[in-house]
Amino acid sequence: MSAIMICNVPVNLTTDLIRGLFSGCGDVLEAHREMAVGTFSVTFVSDGAARVATQCFNGIRIPGQNRLLSIYEVPKPTMLQMESLFFNTVVGLQGDDKKSNLFVYGISSKVADCEIYSKFASFGPLRSIRLEVHLSTGKRKNYGYVSYCYMLDAKIAQSSLNGYVFHGRQLDVSFYTPRKP
């Protein structure tokens, strides 16, 4: 199996249209709209299909739209991540508000939202991701919040990405406890 994350998808494109568009690259196992607006993920049956889809469709302009598709191949999970998924599923280590939430500082304003989503989702399933925006300018701030479904995935992501240089900026990733409303 292989997978891609597609960004800048017009809202009028349905899951069936996305599935049909990418089926020429290989058998599509699953296609669905992600939490972020204009973002889809597509999972292929074969290993090489995601690479073909990325090469064929990355940067193309959708007819009638003033935007280019951005496509990123989602990395396969590492053995540690697969063990984490097994451990979380079998043992039932669900994330809680104290141990599965990360504060991420140092995010470049030039990075696409789906690149950030893809980077953090490669460590495990996400409950939510929130990138802060200046109210007056509408531009993204250099920090955000990532919440994992499982605390072990959050720990692996924190230890792997803290100090990681992402698009020329060093990330500072730490745990945080959300404030009660």
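The structure displayed is predicted, hence computed values, not measured ones.

S.K.: Help me out: how do you make sense of the pairing of strand β6 (residues 126-133) in this one?
M.R.: Residues in a regular strand project their side chains so that they alternate between the two faces of the sheet. Bridge count for β6 against strand β7 (residues 140-148) is 6 bridges, and the pairing is antiparallel. Note on β7: the bridge partner recorded for Arg130 is Tyr145. What sits between the antiparallel neighbours β6 and β7 is a turn of 6 residues, in which Gly138 has the positive phi angle 80 degrees.

S.K.: What is the right way to read unusual backbone geometry from this model?
M.R.: It is generally the case that most residues other than glycine have a negative phi and that most peptide bonds are trans. Backbone geometry places His167, a non-glycine residue, at a positive phi of 55 degrees. Here His167 shows up in the loop between β8 (165-166) and β9 (169-170). Using a relative accessible area of 46% as the deciding quantity, one classes His167 as partly exposed.

S.K.: Explain the side chain of Thr54 here, please?
M.R.: Relative to the helices and strands, Thr54 resides in helix α2 (residues 49-57). Judged by its relative accessible area of 18%, Thr54 falls in the buried class. Contact partners of Thr54, with chain neighbours within four places excluded, come to Ile4, Ile71 and Glu73.

S.K.: Would you mind showing me how to read the packing of aromatic side chains here?
M.R.: By convention here, two paired aromatic rings are described through the distance between centres and the angle between planes. Inspection of every chain in the model, using the stated rule, returns 6 aromatic pairs. Seen from their ring centres, Tyr143 and Tyr145 are 6.2 Å apart, and the 90 degrees between their planes marks the pair as edge-to-face.

S.K.: Looking at this structure, how should I read α2?
M.R.: For an α-helix, 3.6 residues make a turn, and residues three or four places apart therefore share a direction. All buried positions along α2 are accounted for by Ala49, Ala50, Ala53, Thr54 and Phe57. Buried residues of α2, viewed axially, fall in a sector of 135 degrees; they line one side. Where α2 is buried, its residues touch β1 (2-7), α1 (15-22), β3 (40-44) and β4 (70-74). Just beyond α2, the residue with positive phi is Gly59, at close to 85 degrees.

S.K.: In this structure, what is going on with the state of the cysteines? I would like to understand it.
M.R.: Formally, a disulfide is one covalent bond, and it connects the sulfur atom of one cysteine to the sulfur atom of another. One pass over the structure, following the stated rule, counts 0 disulfides. There is no disulfide at Cys25, and the cysteine sulfur nearest it, in Cys56, is 5.0 Å away. Look at Cys56 and you get partly exposed, because its relative accessible area is 47%.

S.K.: Could you clarify how one ought to interpret the sheet that holds β6 in this entry?
M.R.: Backbone-to-backbone hydrogen bonds join strands into a sheet, with any given pair of strands oriented parallel or antiparallel. Strand order in the open sheet formed by 4 strands is β6-β7-β5-β10, with antiparallel pairing between adjacent strands. Since the sheet does not close on itself, it has two edges, and those belong to β6 and β10 (172-175), each with one partner. Each strand of the sheet is rotated relative to its neighbour by a mean of 20 degrees, with strand direction disregarded. Contacts from helix α4 (residues 113-121) reach β5 (101-105), β6 and β7, with the element oriented near 145 degrees to β6.

S.K.: Explain the sheet that holds β3 to me, please; I cannot follow it from the model alone.
M.R.: Reading across the sheet, the 4 strands line up as β2-β3-β1-β4 and stay open at both edges, with antiparallel pairing between neighbours. Lying at the two open borders of the sheet, with one neighbouring strand each, are β2 (28-33) and β4. Within this sheet the neighbouring strands show an average axis-to-axis angle of 20 degrees, counted without direction. For β1 and β3, the ladder comprises 5 bridges, and the chain directions are antiparallel. Counted as the bridge partner of Ile4 is Val42 from β3. Set on the sheet, α1 makes contact with β1, β2, β3 and β4; between it and β2 the angle comes to about 140 degrees.

Thresholds applied
Residues numbered from 1 in each chain as written. Predicted model: local features only at pLDDT ≥ 70, side-chain atom pairs only at ≥ 80, totals over all residues. Heavy atoms only, no water. Pairing = 2+ DSSP bridges. Helix = DSSP H or I, 4+ residues; strand = E, 2+ residues; numbered from the N terminus. Buried < 20%, exposed > 50% of the residue type's maximum accessible area, 1.4 Å probe, protein only. Contact = heavy atoms within 4.5 Å. Phe/Tyr/Trp six-rings, centres within 6.5 Å; stacked < 30°, edge-to-face > 60°. Arc of directions from axis to C-beta. Disulfide = S-S within 2.5 Å. Axes fitted to C-alpha atoms, helices over the stretch in contact; angles between N-to-C directions.

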